[in-house]
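Working through the structure, step by step
Chain residues, written in single-letter form:
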Amino acid sequence: MVVLDFFFEIVSWVLIVSGSFFMVVGALGMWRFPDFWARLHAASVTDSAGVILLIAGMCVQAGFTLITVKLIIIGIFLFITGPTATHAVANAALTSGLRPTEAAGLTGATPAPPKTKDAT
Amino acid sequence: MFVVATIAVFVSMILVLVRLFSGPTMYDRVLAVNTFGTLTVLLIGVLGFLNERPDFLDIAFLYALINFVGTIAILKFFRYRAIGDTPRRDPDAEVE
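Residues numbered from 1 in each chain as written. Chains lettered and ligands numbered in written order. Predicted model: local features only at pLDDT ≥ 70, side-chain atom pairs only at ≥ 80, totals over all residues.

1. Quick notes on the overall build of chain A
- When helices and strands are tallied, chain A shows three helices and zero strands.
- Along chain A, from the amino end to the carboxyl end, the secondary structure elements read α-α-α.
- The buried share among the 120 residues of chain A stands at 32%.
- The long-range share in chain A, meaning contacts at least 24 apart out of those at least 6 apart in sequence, stands at 49%. (Helix = DSSP H or I, 4+ residues; strand = E, 2+ residues; numbered from the N terminus. Buried ≥ 20, exposed ≤ 12 C-beta atoms within 10 Å, placed from the backbone. Contact = placed C-beta atoms within 7 Å.)

2. Digging into the overall build of chain B
- Counting secondary structure elements, chain B contains three helices and zero strands.
- Listed by position from the N terminus, the elements making up chain B come as α-α-α.
- Looking at the 96 residues of chain B, the share that counts as buried comes to 34%.
- Of all intrachain contacts in chain B linking residues separated by at least 6 positions in sequence, the fraction that spans at least 24 positions is 39%.

3. Details of helix α3 (residues 66–95) of chain A
- Along its 30 residues, α3(A) runs 43 Å from first to last C-alpha, staying within 8% of the 44 Å computed at 1.5 Å per residue.
- Those residues of α3(A) that fall on the buried side of the exposure criterion are K70(A), L71(A), I74(A), L78(A), T81(A), G82(A), A85(A), T86(A), A88(A), V89(A) and A93(A).
- Of the surrounding elements, those touching the buried residues of α3(A) are α2 (36–62) of chain A together with α2 (26–50) and α3 (57–80) of chain B. (Expected span 1.5 Å × (residues − 1).)

4. Describing the interface of chain A and chain B
- Opposite the 40 residues of chain A that make contact, chain B presents 37 residues.
- Per-element accounting of the side of chain A that touches chain B gives the leading share, 15 residues, to α3(A).
- The class makeup of the residues in the side of chain A that touches chain B is 29 nonpolar, seven polar and four charged. (Nonpolar A, V, L, I, M, F, W, Y, C, P; charged D, E, K, R; others polar.)

If you want it as structure tokens, here you go:
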């Protein structure tokens, strides 16, 4: 039983540390990337990998209790609404005329003139 | 181990806040607010485990709900300039 507790401790440590790593990487990308679309790509790292790994680590730490059920509910909700919100932001930005600056001809959409890049 | 996760969430929140206050377009700010809300949900859960009282998860779930609805409401306001029903043109009033 002690061996099993040690095993669960190791698994939850690995999950939580890797989740923290992906979260910091996503936030670093949101800070440093040059374009709105690149920042969207970086934010999806935080929304998917960081959330899933951290919540899985907390589930392993909690064991078979009500807390695990609540954590799974929060995880499923974030797993559904995170991509939905990201898609809504991307769709609104694309509708308002914001275009990628570097790959302007590759997206299939008409590239914006360089002056109207900032849609505010 | 939850100390590591708490520090990581705090560092991520600070970086996202930098983007939120310096984003060139308003969609950068909306994206930063959405990510900040997700990080807040995780911070509430991790802090509950850090204090060995994980009863805050209901508050975290409520915050996730409000965060999603708030993001969609802000985007709808950007697009239609109205939060409620979009004003629809009456076809009878257009005959004249």
